[in-house]
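The residues making up each chain are set out below.
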2 protein chains.
Amino acid sequence: MSVAQEFLKANETYASTFKKGDLPIPPARHVAIVTCMDARIHPARALGLEEGDAHVIRNAGGRTSEALRSLIISEQLLGTTEIVVIHHSDCGMLTFSNDDLRNKVKQELHANADNIDFLPFSNLEQSVRDDVAFLRSSPLIPENITVSGFIYDVKTGKLLPVD
Amino acid sequence: MSVAQEFLKANETYASTFKKGDLPIPPARHVAIVTCMDARIHPARALGLEEGDAHVIRNAGGRTSEALRSLIISEQLLGTTEIVVIHHSDCGMLTFSNDDLRNKVKQELHANADNIDFLPFSNLEQSVRDDVAFLRSSPLIPENITVSGFIYDVKTGKLLPVD
């Protein structure tokens, strides 16, 4: 069975007791979260989110430059006023360079990824500071939007503020 | 209290009983999900995901072109072999054009977003087909990767395959 088929089966159970069909599009808690795609992060459990609460934007590393398009839509069209950036310990983005991955793509796929910046980083705390600073300095993110940065520790489940 | 502070408080409860500190980086179910940031989607509940199961990539619309960087990392470095693309009913991306949002940004923020493609769409099923086709035709996604497309119905909680 493909994983997609397993998802359909699990979804039957979810839909059979679903009672949240009347939620509006704008997030109830007026917040957008930017975090990593990492499988170990369960944003809803780790942060206490229910259906309808928050925009959740996820990509490799939780990089805010790539999230900018989504954040503008979130703020300008759907009324969010706060952004929470969460990177995490033991992140895969700490383990490779652009050259490493571009070479691997050439070798394994005989394809060219030289024009892709994979946005890896070498310092976790600095990556959070950089990504918060990117948003705070962007003319596309208004000054009244609150932006804060955190590290999620995959060993302990703890969320730690980054100043 | 900011929402970030509420997250820290909710996270204390999560971390206090956390027992999943030994999970490896590669997703246990070898799958990457691409879906929308929409607040009403709770991927873990809707699909039956536990910590460690799956990469979850989310952006406005669940667009796969923007997810490509993350998917290459997921497949080449972290061993995923299946991609599940999920768009959803009542999506905000059906409600505006690039010109609409670029003009709004000019008026509200006195800033220029003319170089940003916000990736809106006008036909939900077609957007899923387009995003699956984009991946299937990309030289950066190998042919042995299974790609399937779905629509999540926010009124019923049901996941529906798109052929």
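The structure we're discussing is the one just above.
Residues numbered from 1 in each chain as written. Chains lettered and ligands numbered in written order. Predicted model: local features only at pLDDT ≥ 70, side-chain atom pairs only at ≥ 80, totals over all residues. Heavy atoms only, no water.

*Asks:* Would you mind showing me how to read the overall build of chain A here?
*Replies:* Across its full length, chain A holds five helices and five strands. Taken from the N to the C terminus, the helices and strands of chain A come in the order α-β-α-β-α-β-α-α-β-β. Oriented by its inertia axes, the alpha-carbon framework of chain A measures out at about 50 × 50 × 35 Å. Here chain A holds 163 residues, and 61% of them are scored as buried. For chain A, restricting intrachain contacts to residue pairs at least 6 apart in sequence, the fraction spanning at least 24 positions comes to 66%. Summed over all atoms, the accessible surface of chain A reaches about 6800 Å², with 50% contributed by carbon and sulfur. Once the 16 positive and 22 negative side-chain charges of chain A are each reduced to a mean point, those two points are 4 Å apart. (Helix = DSSP H or I, 4+ residues; strand = E, 2+ residues; numbered from the N terminus. Buried < 20%, exposed > 50% of the residue type's maximum accessible area, 1.4 Å probe, protein only. Contact = heavy atoms within 4.5 Å. Areas by Shrake-Rupley, 256 points an atom, 1.4 Å probe, with all protein chains shown as cover. Lys, Arg positive; Asp, Glu negative; His and termini not counted. Charge placed at Lys NZ, Arg CZ, Asp CG, Glu CD.)

*Asks:* What's the story with the pattern of salt bridges in this structure? I'm lost.
*Replies:* Where charged atoms from two side chains of opposite charge approach closely, those side chains can pair. Taken as a whole, this structure holds 26 salt bridges over all chains when the rule is applied. A salt bridge links glutamate 50 of chain B to arginine 45 of chain A, with the shortest nitrogen-to-oxygen separation between them at 2.9 Å. In this pair, glutamate 50 of chain B is assigned in the loop between α2 (43-47) and β2 (54-59) and arginine 45 of chain A in helix α2 (residues 43-47), connecting two distinct chains. Residue arginine 45 of chain A is classed as partly exposed on the basis of its relative accessible area, which comes to 35%. (Salt bridge = Lys/Arg side-chain N within 4 Å of Asp/Glu carboxyl O.)

*Asks:* Any chance you could explain the interface of chain B and chain A here in plain terms?
*Replies:* Interfaces are often sized by the amount of accessible area the parts lose when they come together. In this complex, chain B contributes 83 residues to the contact, which on the side of chain A involves 82 residues. In total, about 7100 Å² of surface goes out of reach between chain B and chain A, with carbon and sulfur atoms giving 64% of it. Taken as a group, Phe7, Met37 and Arg69 of chain B account for 12% of the area that chain B buries against chain A, more than any other trio of residues on that side. Linking chain B with chain A are eight salt bridges, by the criterion used here. At the junction of chain B with chain A, the criterion picks out 36 residue pairs in polar contact (both at pLDDT 80 or more). Tallied by class, residues from the side of chain B that touches chain A come to 47 nonpolar, 16 polar and 20 charged. (Buried area = accessible area lost by both parts, 1.4 Å probe. Polar contact = N/O pair within 3.5 Å; in protein donor to acceptor, adjacent residues only side chain to side chain. Nonpolar A, V, L, I, M, F, W, Y, C, P; charged D, E, K, R; others polar.)

*Asks:* Any chance you could explain helix α5 (residues 124-137) of chain A here in plain terms?
*Replies:* One turn of the α-helix equals 3.6 residues, which is why residues spaced by three or four share an orientation. Residue and element names in this part refer to chain A. Helix length check: α5, at 14 residues, gives a terminal C-alpha distance of 20 Å against a target of 20 Å (1.5 Å per residue), a fit within 8%. Regarding α5, the residues found buried are Leu124, Ser127, Val128, Asp131, Val132 and Leu135. Buried residues of α5 fall within an arc of 130° about the axis and therefore sit on the same side. In this structure, α5 carries Arg136 and Ser137 as exposed residues pointing more than 90 degrees from its buried face. Here the buried face of α5 lies against α3 (64-78), β3 (82-88), β4 (146-153) and β5 (158-162). (Expected span 1.5 Å × (residues − 1). Arc of directions from axis to C-beta.)

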